[in-house]
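Each chain, letter by letter, is given below.
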Amino acid sequence: MASTYSHEWRAVCDKFNNAQDLSEVESRKDPENDPFRSKYKARELLREIYCSLKNFDVGENESVNDEADQRPTEQPVDGGMEEGFGRGHCGDSPAGSRAAKLGAVEYYLGVNHVETEELSAGEEHLMNCMTLLEKCSISPENVSLFIQVRNQLGILWAGRDEIEKAQGFLETAEAMYIRYMKEDGQPPMDLTEFFVAEEEALPQQERTKRFEMAYTHTLYYLAQVYKNLEQYEKAGGYCHSTLQRQLKFNQFIPLEWAINAATLSQYYITKNLYMEGRHCLSAASVIADLAGEVPSEAAAQESEAEAEKRDQLRQKRAEIARCWIKYCLNLLQDAKKLLEDNIGELDMDRQAELRATRLQEEEEKERGRKSAVLFGSTDTFDSICGLEEKVSCVFPVDFEEARAIFLVGQTYVNQAKEYFEMDGHVTDHIEILQDHSALFKALAFFEEDMERRCKMHKRRVDMMEPICKDLNAQYYLLVCRQLQFELAETYYEMMDLKLAVANKQDDLDAHTVKKFNHLCSSSTRFYQMFLDSVRSPEGKWPEKLEDEVLRPALVAKFRVARLHSRLISSSKTVQLENLNRSLECYNFVVQYCKDNPEAKSAIETELELSEEMVSLLPLKINRLQANLASSNGL
């Protein structure tokens, strides 16, 4: 190989620096009608470098053919354990150095072709790099190249939806890093250092930073691969490791990191790992603040850059707030599932049992898990821990504990609504309102006083009903249906609560009867609005309900039947009308399931009760008709 101090070698190094500058700096200035101009120029320089390297002497006793003959007898197979890693040329030998330099040029040519959307050519160059490296044993001189070429091939095959192939390359890159750090561990050369003079070599600290960044990318790409393979637990673990390393090595963009951490929290929540979920969200909130203050409206009006920054900061922080809402909501809802009895009420025995065991269990879990999940540096750790302390990560067992979680969730509801306003963010705003309503619903479960519980449901009605009335069903049909059904359910729950209260009274006064009937009528009205939305524009009921509305529609019919039978009236004529309407709805449910037997599994409980009522109600109606006839005859 030509001396690193020769004129020819200096020319090669200059060409490489020019190629890097064209690819990374000048390419950003390329016009839209010629977007790859600088990339193509860089490619030509890389080809010239490759030719120059091929023409340099290998050494007195080595030749190109000798190198080809000295390949490892067992070549590395990506996706498996690499038995041949210790074989081949040493990385600091003339032959090993030449192979690595040629491989580096092939690597950069491969990346260049991929960036100019010439994937097949890019793959060919990257595989040429792999072939050259097979002649070498892993060493500080080449380990970065070993790993980064596999990273690029992993990205390329993942982009083609060949996920298993991507997995093989990336898992091998991971294994190489682990083995190198175990057997050697010294900061390795960076790819750019193949083409610099010794005095221009990178400091050890910079080498470490770049090498660790390459491995962080390996873990990040593996997280995506495992997600695509639906190996969600593995994906979550790799995502968490990626985020930890980005903080550790200060290789992150605050808002991007924060959103990724907040997104990861949602995975932990689905697995009931609330300590981990809370930690991710606390870290997300703290790191998002590193992006700076939100520019004022006045500043945004004067500068386009400030306006863009203001919008981005407000949006990302609102998105993190929405993840906090989901955390609080799921924690309350999961606690409810643990504590409710078979009729949906608080089970006192389960409450006492959970209260007695949860503290010890959570302490044991925290000791075992916390050391593995912590984020943060010395600058942010205290802030993250401080935010964690403001909300529990254990299931609440009573109203006071549930209320503390509810209030945190409600704070984030208000934060999220500041950005996701109704004007301009209709769907997002309504989803936040629905989550707010769900928070009230979950909190109401823990409230023992039925009147206070009823007031919580009234808050839900007050926030949703105005939106439901103003929303245009032509453009927001799905959202309208969701609101209609939820309002109907909320009034239905209030009716049940009022009924429970009324059953404890000896006599019902006129005000109580009026209130009860209003709740029944309101629930019926919204169920009917939902059912009407299923009809055709001509008002006809479909012969067969779509899957997404099958259960809701039949449940709505069932509940309308029950609501009609619950209405209180002193008039026997009105009572008879209500019972006939009730029977009509029960009959609809039964008949629909006879005509469409596949629907039975969707509403087994409601169908069984409907069939029972279809047999019982006619007797009650006949008795009432007889009494009415008798009364009219007097």
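As recorded by an unreviewed UniProt entry, the protein carries the name KIF-binding protein and is attributed to Salvelinus namaycush. In its Function (unreviewed entry) section, the UniProt record describing the protein reads: "Activator of KIF1B plus-end-directed microtubule motor activity. Required for organization of axonal microtubules, and axonal outgrowth and maintenance during peripheral and central nervous system development."

A.B. asks: Mind showing me how you'd approach unusual backbone geometry here?
C.D. replies: Of all residues except glycine, most have a negative phi; of all peptide bonds, most are trans. Here the phi dihedral of Glu230 falls at roughly 60°; this positive angle occurs in a residue that is not glycine. By the element assignment, Glu230 lies in the loop between helix H8 (204-228) and helix H9 (232-248). One non-glycine residue, Asn272, adopts positive backbone phi at about 65°. With respect to the helices and strands, Asn272 occurs in the loop between helix H10 (254-270) and helix H11 (274-289).

A.B. asks: Which parts of the structure should I look at to understand the UniProt feature "coiled-coil region" (unreviewed entry) in the protein?
C.D. replies: Here, UniProt's "coiled-coil region" (unreviewed entry) annotation points to residues 296-349. From the first C-alpha to the last, residues 296-349 spans 54 Å; its make-up is 81% helix and 0% strand.

A.B. asks: So what exactly am I meant to see when it comes to the packing of helix H7 (residues 163-183) against H8 here?
C.D. replies: Geometrically, a packed helix pair is captured by the angle between its two axes and the distance between the axes. One way to put it is that H7 packs onto H8 with a least axis distance of 9 Å and a crossing angle of 145°. Relative to H8, H7 is oriented so that their crossing is left-handed. Across the interface between the two elements, Ile163, Ala166, Gln167, Leu170, Glu171, Ala173, Glu174, Tyr177, Ile178, Tyr180 and Met181 from H7 touch Phe211, Glu212, Tyr215, Thr218, Leu219, Tyr221, Leu222, Val225, Tyr226 and Asn228 from H8. Per-class residue counts for the contact of H7 with H8 are 15 nonpolar, 3 polar and 3 charged.

A.B. asks: Sorry, what's going on with the side chain of His279 here?
C.D. replies: Structurally, His279 is set in helix H11. Residue classification places His279 among the buried positions, given a relative accessible area of 1%. From its side chain, His279 meets the backbone nitrogen of Phe375 in a polar contact 2.6 Å long.

Rules used in this analysis
- Residues numbered from 1 in each chain as written.
- Predicted model: local features only at pLDDT ≥ 70, side-chain atom pairs only at ≥ 80, totals over all residues.
- Heavy atoms only, no water.
- UniProt positions renumbered as here; feature names shortened; annotations may be inferred.
- Helix = DSSP H or I, 4+ residues; strand = E, 2+ residues; numbered from the N terminus.
- Axes fitted to C-alpha atoms, helices over the stretch in contact; angles between N-to-C directions.
- Left-handed = near helix turned anticlockwise from the far one by under 90°.
- Contact = heavy atoms within 4.5 Å.
- Nonpolar A, V, L, I, M, F, W, Y, C, P; charged D, E, K, R; others polar.
- Buried < 20%, exposed > 50% of the residue type's maximum accessible area, 1.4 Å probe, protein only.
- Polar contact = N/O pair within 3.5 Å; in protein donor to acceptor, adjacent residues only side chain to side chain.

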